[in-house]
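Okay, here's what each chain looks like letter by letter:
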Amino acid sequence: MPVLLDVDERGLATLTLDRYAKRNSLDEAMLESFGEALGAIEADPQIRVVVLRGSNGFFCAGADIADWADPGPVTADRLSRLGTATFARLAALSVPTVALIERSALGGGLELALACDLRVTTEDAGLGYPETKLGNLTAWGGIARLVDTVGLAQARRLFLTATAISGAEAARIGLVTHAVPADRLEETVEELVTAVIACEPLALRVVKDILAGYQTRVTAEPTLAAFFSFSDASRRRKEAFVKRRPTTTK
């Protein structure tokens, strides 16, 4: 399975994206496996907290561009809606969730991290939304969650320039909860896990429900993302990205 689930005796569930050959990028099989793992978490009342991470020291490079290079409208719509629904389930879990970010969280990878309650990264990691460079839009709730997390001014900067920022900069603008040296990453996540487990589970569930009421929703996001993904300009840009060759705006 491309998403692994492990639950320890404390009630810590660790979800691991296990597709390192593709930098843990998210294809349809990965999203479906993720949904199955979420179902197991939802059904287990002993779980107190979830940590999401990538295998081999790499969080997630985003959506698998091979799936989006020339998807056609039906496939693009299906992938957009599948990712949106999967990330919504992650955000709606009744227990706190922590994203452990190593190396990078780009595009869909950052959308995935933003669907978690807390985010811890290394100071030198790269985080951002490159979608507009590829002629795409975020597809899985990334617009609303970014605005909720960092506000409109910083969201505009990240979306309109499509540049990645460091983990240290991400902490400064509130995109992540903590940015720490690489040798302190595991320790910092463990401190957060310990603090969460010390809290009353029912109180945490109620707080999560209350906070969810303040969240922004952009219902058209998956539809717009699907539409842009099969435009001629988007196809050219994604093909160029996959082939690592320059592209023009014409």
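Summarised in this report is the structure supplied together with it. Not measured: the values here are computed from a predicted model. (Residues numbered from 1 in each chain as written. Predicted model: local features only at pLDDT ≥ 70, side-chain atom pairs only at ≥ 80, totals over all residues. Heavy atoms only, no water.)

What follows concerns the packing of aromatic side chains. Inspection of the entire model under this criterion finds 2 aromatic pairs. Here Phe87 and Trp140 contribute two aromatic rings whose centre-to-centre distance is 5.3 Å and whose plane-to-plane angle is 70°, an arrangement assigned as edge-to-face. Pair noted here: Phe87 is in helix α3 (residues 72-91) and Trp140 is in the loop between β7 (126-128) and α5 (142-161), with a separation of 53 residues, a long-range link. An identical accessibility class is assigned to Phe87 and Trp140; each is buried. Their ring planes at 0° and their centres at 4.9 Å tell us that Tyr129 and Phe159 sit as a pair that is stacked. (Phe/Tyr/Trp six-rings, centres within 6.5 Å; stacked < 30°, edge-to-face > 60°. Helix = DSSP H or I, 4+ residues; strand = E, 2+ residues; numbered from the N terminus. Buried < 20%, exposed > 50% of the residue type's maximum accessible area, 1.4 Å probe, protein only.)

Strand order in the open sheet formed by 6 strands is β1-β2-β3-β4-β6-β9, with mixed pairing between adjacent strands. For this open sheet the edge positions go to β1 (3-7) and β9 (178-180), each flanked by a neighbour on one side alone. Ignoring strand direction, the axes of neighbouring strands in this sheet form an average angle of 20°. Relative to strand β4 (residues 97-101), strand β3 (residues 49-54) runs parallel, the two being bridged by 3 bridges. Its bridge partner lying in β4, Val50 is registered against Thr97. (Pairing = 2+ DSSP bridges. Axes fitted to C-alpha atoms, helices over the stretch in contact; angles between N-to-C directions.)

With that settled, consider the packing of helix α1 (residues 28-42) against α3. How two helices sit against one another is set out by the angle between their axes and by the gap between those axes. With their axes 10 Å apart at the nearest point, α1 and α3 run at an angle of 25° to one another. Taken as axis vectors, α1 and α3 run roughly parallel relative to one another. For the pair α1 and α3, the crossing hand works out as left-handed. Taking contact as the criterion, the partners of Glu28, Leu31, Glu32, Phe34, Gly35, Leu38, Gly39 and Glu42 in α1 are, on α3, Arg78, Leu79, Leu82, Gly83, Thr86, Phe87, Arg89 and Leu90. Its residues assigned to classes, the contact of α1 with α3 shows 7 nonpolar, 4 polar and 5 charged. (Parallel < 35°, antiparallel > 145°, perpendicular 65-115°, else oblique. Left-handed = near helix turned anticlockwise from the far one by under 90°. Contact = heavy atoms within 4.5 Å. Nonpolar A, V, L, I, M, F, W, Y, C, P; charged D, E, K, R; others polar.)

A separate point is the layout of surface pockets. Of the voids in this model, the largest pocket is the one considered here, and its volume is about 950 Å³. If you trace the largest pocket, you find 36 residues lining it, with Ala91, Ala115, Arg145, Ala212 and Gln215 closest to the centre. Those elements that place two or more of their residues in the lining of the largest pocket are α3, β6 (118-122), α5, α8 (201-212) and α9 (221-229). Looking at which element gives the most residues to the lining of the largest pocket, the answer is α8, with 7 residues. In terms of residue class, the lining of the largest pocket is made up of 20 nonpolar, 7 polar and 9 charged. (1 Å grid on protein atoms, 1.4 Å probe; cavity = no way out; pocket = protein on both sides within 12 Å on 5 of 7 lines; lining within 4 Å. Points joined across faces, edges and corners; volume = space filled by probe spheres on them.)

A separate point is the pairing of β1. Here 5 bridges tie β1 to strand β2 (residues 12-17), and the two strands are oriented antiparallel to one another. Looking at β2, one finds that Leu5 is bridged to Leu15. Connecting β1 to the next strand, β2, in antiparallel fashion are 4 residues, including Gly11 with a positive phi near 95°.

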